[in-house]
Amino acid sequence: MNRLNDTEFQSKKSKFVPYIMSGHPGYESSIDIALTLQDSGVDAVEWGVPFSDPLADGPVIQEAGEQSRKGGGSLRKALKGLKEAREKGLEIPVVLFTYINPVLSLGFNELILEMKKADVDGLLIPDLPFEESDELRKLCNVEGISLISLIAPSSNHRMEKISRLGDGFLYYVTSLGVTGTRESFSDLLASNISELKKTAQVPVLAGFGISTREHVRYFQDISDGVIVGSALVKFISERQQELKDNKTKKEALQEIKVFVQDLIS
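Residues numbered from 1 in each chain as written. Predicted model: local features only at pLDDT ≥ 70, side-chain atom pairs only at ≥ 80, totals over all residues. Heavy atoms only, no water.

### What about helix H11 (residues 230–237)?
Stage number 1. Within H11, six of the eight residues are buried, which leaves it mostly tucked inside the rest of the structure.
Stage number 2. Along H11, the residues that are buried comprise Ser230, Ala231, Leu232, Val233, Phe235 and Ile236.
Stage number 3. The secondary structure elements touched by the buried residues of H11 are strand E1 (15–21), helix H2 (27–40), helix H3 (59–70), strand E9 (225–228), helix H12 (240–244) and helix H13 (249–264). (Buried < 20%, exposed > 50% of the residue type's maximum accessible area, 1.4 Å probe, protein only. Helix = DSSP H or I, 4+ residues; strand = E, 2+ residues; numbered from the N terminus. Contact = heavy atoms within 4.5 Å.)

### A word on the nonpolar core
Stage number 1. Among the nonpolar cores identified, the biggest contains 68 residues, and Leu96, Leu123 and Ile256 are the most heavily contacted of them.
Stage number 2. If we skip the residues at most four places from it in the chain, Leu123 touches Val95, Leu96, Thr98, Leu111, Met115, Leu136, Cys140, Ile145, Ser146, Leu147 and Ile148.
Stage number 3. Counting residues in hydrophobic clusters, the runner-up holds 23 residues, among them Leu4, Ala44, Phe97 and Tyr99. (Core = buried A, V, L, I, M, F, W, Y, C linked by side-chain atoms within 4.5 Å.)

### A short note on the pairing of strand E8 (residues 204–207)
Stage number 1. Taking every second residue as pointing to the same face, both faces of E8 are buried, with Val204 and Ala206 on one and Leu205 and Gly207 on the other.
Stage number 2. Note: strand E7 (residues 170–173) against E8, four bridges, orientation parallel. Within the sheet, the bridge partner assigned to Leu170 lies in E8 and is Val204.
Stage number 3. By the bridge criterion, two bridges tie E8 to E9 in an arrangement that is parallel. Within the sheet, the bridge partner assigned to Leu205 lies in E9 and is Gly225.
Stage number 4. Considered for its hand, the β-α-β crossover made up of E8, helix H10 (residues 213–222) and E9 is right-handed. (Pairing = 2+ DSSP bridges. Right-handed = clockwise from strand over helix to strand, strands pointing away.)

### Observations concerning helix H9 (residues 189–199)
Stage number 1. All of the buried residues in H9 are Leu189, Asn192, Ile193, Leu196 and Thr199. When H9 is viewed along its axis, its buried side chains cluster within an angular range of 120 degrees and face the same direction.
Stage number 2. Where H9 is buried, its residues touch strand E6 (149–151), helix H8 (159–164), E7, E8 and H10. (Arc of directions from axis to C-beta.)

In structure tokens, the structure reads:
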């Protein structure tokens, strides 16, 4: 069952999808955080996979990924952690965020098999060009997994083609470069997203740099929802010691819940 394509997700306005790094600040901690995010009222979760050369990630997520890798984090371990989170009650849609090298190392068929075991709903690979995604897209379609497409401000000449094959949702990249918090965005975003929504068959979510309540409000007004990554990962990193200590973990998770709910409200 692909929860991204369910009416509940597709029809809801102002979707909020946070990104977290699997294995950060620890294997068990990331599972606890995913469950906390569900309790916070988010609509889905992006489950990041640590990688040695994360070209789309800014310094905050790079550091989280490096910490995860030092603890043994990998594509297989990320999927193992997600499977465990599902067993503990994670029911909302989950999108696996990884890079093409770990996928090629594992193999497309093995990846699909492991994603099915972990009950993954969607897959996002930022360094897989749309023009080279046909093989993996077909495999995902057969198994009911959404291969999420990214559309950047520079994708104008390809926008209609990409949007017509969208599945689950389309990820509109709000700015060129890597992830990370930003103070301002281009004035052209509203018109670009409006044009994209005319041809899109699925919701259009905005991401990259969205970090404040004001950002969230703005992009929820002009798109179908937002993706928040670096701001949340930074908040988690600042509480990593508390999250690893059973005596303080509950309080730290509550702080994460309040932080997210403040962004949503």
